[in-house]
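Chains, contacts and geometry: an overview
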Amino acid sequence: MPAIEAEHLYKVFGRKAREGVSRLQEGATREQLSKDDGLTAAVIDASFTVNEGEIFVVMGLSGSGKSTLIRMVNGLFEPTAGKVKIYGQDVTDASTKQLRAIRRERVSMVFQHFALFPHRTVTENAAYGLETQGVGKAERHQRAVEALELCGLKGWEDRLPGQLSGGMQQRVGLARALAADTDILLMDEAFSALDPLIRRGMQDQLIELQHRLQKTILFITHDLNEAMRLGDRIAMMRDGRIVQIGTAEQILNDPANDYVARFIQDVDRSRVLTASSVMEPPVALLGAEGGPRAAHKLMRENQIDTLFVVDRDRRFRGVLREPSVVRSLESGRDTIDDILQTDVPTVTSDTVVADLFHDSADTEVPLAVIDGDGRLTGVIPRVTLLAALGDISAKSNGHGDAEDGSLTSDGPGVKPKGKEVTA
Ligand SMILES: Nc1ncnc2c1ncn2[C@@H]1O[C@H](COP(=O)(O)OP(=O)(O)OP(=O)(O)O)[C@@H](O)[C@H]1O
Ligand SMILES: [Mg+2]
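Note that the coordinates shown come from a computational prediction; the quantities given were computed from them, not determined experimentally.

Cut-offs and rules
Residues numbered from 1 in each chain as written. Chains lettered and ligands numbered in written order. Predicted model: local features only at pLDDT ≥ 70, side-chain atom pairs only at ≥ 80, totals over all residues. Heavy atoms only, no water. Core = buried A, V, L, I, M, F, W, Y, C linked by side-chain atoms within 4.5 Å. Buried < 20%, exposed > 50% of the residue type's maximum accessible area, 1.4 Å probe, protein only. Helix = DSSP H or I, 4+ residues; strand = E, 2+ residues; numbered from the N terminus. Domains from an automatic or database assignment. Contact = heavy atoms within 4.5 Å. Pairing = 2+ DSSP bridges. Salt bridge = Lys/Arg side-chain N within 4 Å of Asp/Glu carboxyl O. Right-handed = clockwise from strand over helix to strand, strands pointing away. Axes fitted to C-alpha atoms, helices over the stretch in contact; angles between N-to-C directions. Parallel < 35°, antiparallel > 145°, perpendicular 65-115°, else oblique. Left-handed = near helix turned anticlockwise from the far one by under 90°. Near = heavy atom within 4 Å. Polar contact = N/O pair within 3.5 Å; in protein donor to acceptor, adjacent residues only side chain to side chain. Phe/Tyr/Trp six-rings, centres within 6.5 Å; stacked < 30°, edge-to-face > 60°. Lys NZ or Arg CZ within 6 Å of the ring centre and 35° of its normal.

1. Some words on the nonpolar core
- Judged by nonpolar contacts, the single largest core of 59 residues is most densely connected at Leu-174, Met-187, Met-228, Ile-234 and Leu-356.
- Looking at this core, the element that brings in the most residues is helix 8 (residues 166–179), giving 7 residues.
- Residue-level mapping places this core at the junction of two domains, with at least three residues from each of domain 1 (4–106 + 182–267) and domain 2 (276–385).
- Contact partners of Leu-356, with chain neighbours within four places excluded, come to Ala-275, Val-278, Val-347, Thr-351, Leu-367, Ile-380 and Leu-385.
- In this structure, Ile-4, Leu-9, Phe-56 and Ala-235 belong to the second largest nonpolar core, which totals 30 residues.

2. What about the sheet that holds strand 5 (residues 89–90)?
- Across the sheet, which stays open at both edges, the 4 strands sit in the order 2-1-4-5 with antiparallel pairing between neighbours. What marks the edges here is a single partner per strand, and that holds for strand 2 (40–50) and strand 5.
- For strand 1 (residues 4–13) and strand 4 (residues 81–86), the ladder comprises 5 bridges, and the chain directions are antiparallel. Residue Ile-4 lies in a different strand from strand 4, and its bridge partner there is Ile-86.

3. Section: the pattern of salt bridges
- A full pass over the atoms with the stated rule returns 22 salt bridges.
- With a shortest N-O distance of 2.9 Å, Asp-37 and Arg-23 are connected by a salt bridge. A residue pair is termed long-range when its members are at least 10 positions apart, and Asp-37 in helix 2 (residues 30–37) and Arg-23 in helix 1 (residues 17–25) qualify at 14 residues.
- What makes Arg-23 partly exposed here is its relative accessible area of 28%.
- Beyond isolated ion pairs, a larger network of salt bridges with shared partners links Arg-23, Asp-36 and Asp-37.

4. Remarks on the pairing of strand 15 (residues 367–370)
- Of the two faces of strand 15, both are covered, the one formed by Leu-367 and Val-369 as well as the one formed by Ala-368 and Ile-370.
- Pairing of strand 14 (residues 346–348) with strand 15 involves 3 bridges; the strand directions are parallel. Considered in strand 15, the bridge of Thr-346 is made with Ala-368.
- For the crossover from strand 14 across helix 16 (residues 353–361) to strand 15, the handedness is right-handed.

5. Focus on the packing of helix 7 (residues 137–150) against helix 8
- Contact pair helix 7 / helix 8: the axes reach a minimum separation of 8 Å and the direction vectors enclose 130 degrees. Relative to helix 8, the element helix 7 lies oblique. Where helix 7 crosses over helix 8, the two elements pack in a sense that is right-handed. Along the contact surface, helix 7 presents Arg-143, Ala-144, Ala-147, Leu-148 and Leu-150, while helix 8 presents Ala-175, Leu-178 and Ala-179.

6. A word on the pairing of strand 4
- Pairing of strand 4 with strand 5 involves 2 bridges; the strand directions are antiparallel. Counted as the bridge partner of Lys-85 is Asp-90 from strand 5.
- Between the antiparallel neighbours strand 4 and strand 5 lie 2 residues, among them Tyr-87 with a positive phi of about 45 degrees.

7. A few points about unusual backbone geometry
- Not every positive phi belongs to a glycine, and Lys-16 is a case in point at roughly 55 degrees.
- Tracing the chain through its elements places Lys-16 in the loop between strand 1 and helix 1.

8. Points about the sheet that holds strand 16 (residues 376–380)
- The 3 strands lie next to each other as 14-15-16, forming an open sheet whose pairing is mixed. In this open sheet, the two strands that pair with only one neighbour each are strand 14 and strand 16. Between one strand and the next, the sheet's axes are offset by a mean angle of 35 degrees, whatever the strand orientation.

9. Comments concerning the site of ligand 1
- The environment of ligand 1 is made up of Phe-13, Thr-40, Ala-42, Leu-61, Ser-62, Gly-63, Ser-64, Gly-65, Lys-66, Ser-67, Thr-68 and Glu-189.
- Ser-62 is positioned such that a nitrogen or oxygen atom in its side chain is 2.6 Å from an oxygen atom of ligand 1.
- Residue Gly-63 places a main-chain N or O atom 2.8 Å away from an oxygen atom belonging to ligand 1.
- If you list the elements that add at least two residues to the shell around ligand 1, you get strand 2 and helix 3 (66–73).
- Among the elements that take part in the shell around ligand 1, helix 3 stands out by supplying 3 residues, more than any other.

10. Structural notes on the packing of aromatic side chains
- This structure, assessed with the given rule, holds 6 aromatic pairs.
- Pairing Phe-308 with Phe-316 gives two aromatic rings, centres 5.9 Å apart and planes at 40 degrees, and the pair type is tilted.
- Classification of Phe-308 by relative accessible area gives buried; the value is 4%.
- The lysine or arginine in question, Arg-159, covers the ring of Trp-156, its NZ or CZ lying 4.6 Å from the ring centre.

Here's what the structure looks like:
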C-alpha cells in the first residue's frame, strides 16, 4: 500500500473557492481566477503517490504551491477538492480526533523555521512533540536522546539552543520529528536556511538516516540540486500544477515541457546521470570457451580492438586486446586463458557519470558495466563518455545535439568526429 496518495487535489483561497475549482475544471486559468474572482488557486489538480520508504521531492519556485500541498497532506489545510490518503486512510474526511491520531502515529513535520524554546534544553526541545502527545517524562527523554544521537547531537543534550549553530538547531528540529517515530516525515524547506556546506552535510545525513530507518519522506525544496540529490522521485510544480513526476534521470533525459527543460539546464548532469544512461551494448561478445581464432574473427568483422568475454550466464570474465590475440594465434595456441585480461575496472549501472572518468582514465579499454550478479549489462568506451560529456555541456548551454548521422565508428579507442552542422 502506498504511504501517501493525493488524488486530484485543489486548494483555492478566497470566498466561493469551490466555484473556483469548477471554473478551473472548465478550463479557466489561474490568472483569470485571480483577476475575475479574486481567488488564489494555490494547488490545481495535483495527483501523486509516495511509496513506502521513498524520498519523494516536491520542487518548485516560490509561490508554486508546495507548502499548501504539504499542508493538505498532513491535514493542516482542508483541500477545496480532491482526496489525500495516508496508508489508505482518507485524511480529507477524517474527524479531528482521527486527524490527531494520524499526526501522532503516522506523520510528523519539519519546517524551515520552527520554534525552539530558548530556555529549554536541547533534549527538552527534541521531546516537545512527545510532550504534546502525552508521552510520559522518562520515555520521552529516552526517545529524544536517541533521536538526537541519530542526528549527530550526542553530547549536546543539556545545552540551550542559543549555544548551537544554525545547522545544529535545524538538526534539533529533525530530531524532534524523529523522536515522534512516525512512518512519514514531511519536510518543508527544512534545509533552505542553512549555509551550502552545512546543507550538503544535512542532505547526506538525511539520506543515511533514510537508509537506516526506512522512513517515507515527502521533502519540499526550491533547490533543484537538492531535489536531484535527495529524491528517489521528483514532482516538478509550476503555478500550482504538477507538471512532471519522475526520477532525476528521467526528468533530465526527457523534460516534460520547455519550462522543465529551462529549469534543468544549469544542473550538473555529470553528477546526476548514471552509467546506465551512457552505456552501450557491447559490439560483440566472446564466450569464455572461445579461442583466439574466434576472437580474432569477431574483432576483424566488427572492427574493434577490444573484445569482452563472458561466461554462459553472461557474467563478465575479462577482455581481450587485439595485439595479444594476434600473438596467440601466431604461436598456435587454442585457448585464451593466458591472454585474458581480468584486472580491468568494472562499474555498476548506478555510478554517476562524474565518477566514471576516474576509472576510465586508468584504462585503455572500455568500462564494463556489471549488475549485482556480475553480469555484463553494457560497456562505456571512453569516446562515448567524452561524447556524453560534450552532450551534457551542450544541453546545459541550451543547445541541441548536432548529430549528422554519418559517423562511422572505428570502434573503441578512436574518436568519431562529427561534421559541424551550420544552420
Ligand atoms: N492562507 C493563505 N491564504 C491565501 N493565499 C495563500 C495562503 N497560503 C498560501 N497562499 C497563496 O498560495 C500560493 C502558493 O503558496 P505556497 O506557500 O503554497 O507556495 P510555496 O511553493 O510554498 O512558496 P515558497 O517557496 O515561497 O514557500 C501563493 O500565491 C500564496 O500567496
Ligand atoms: Mg513554502
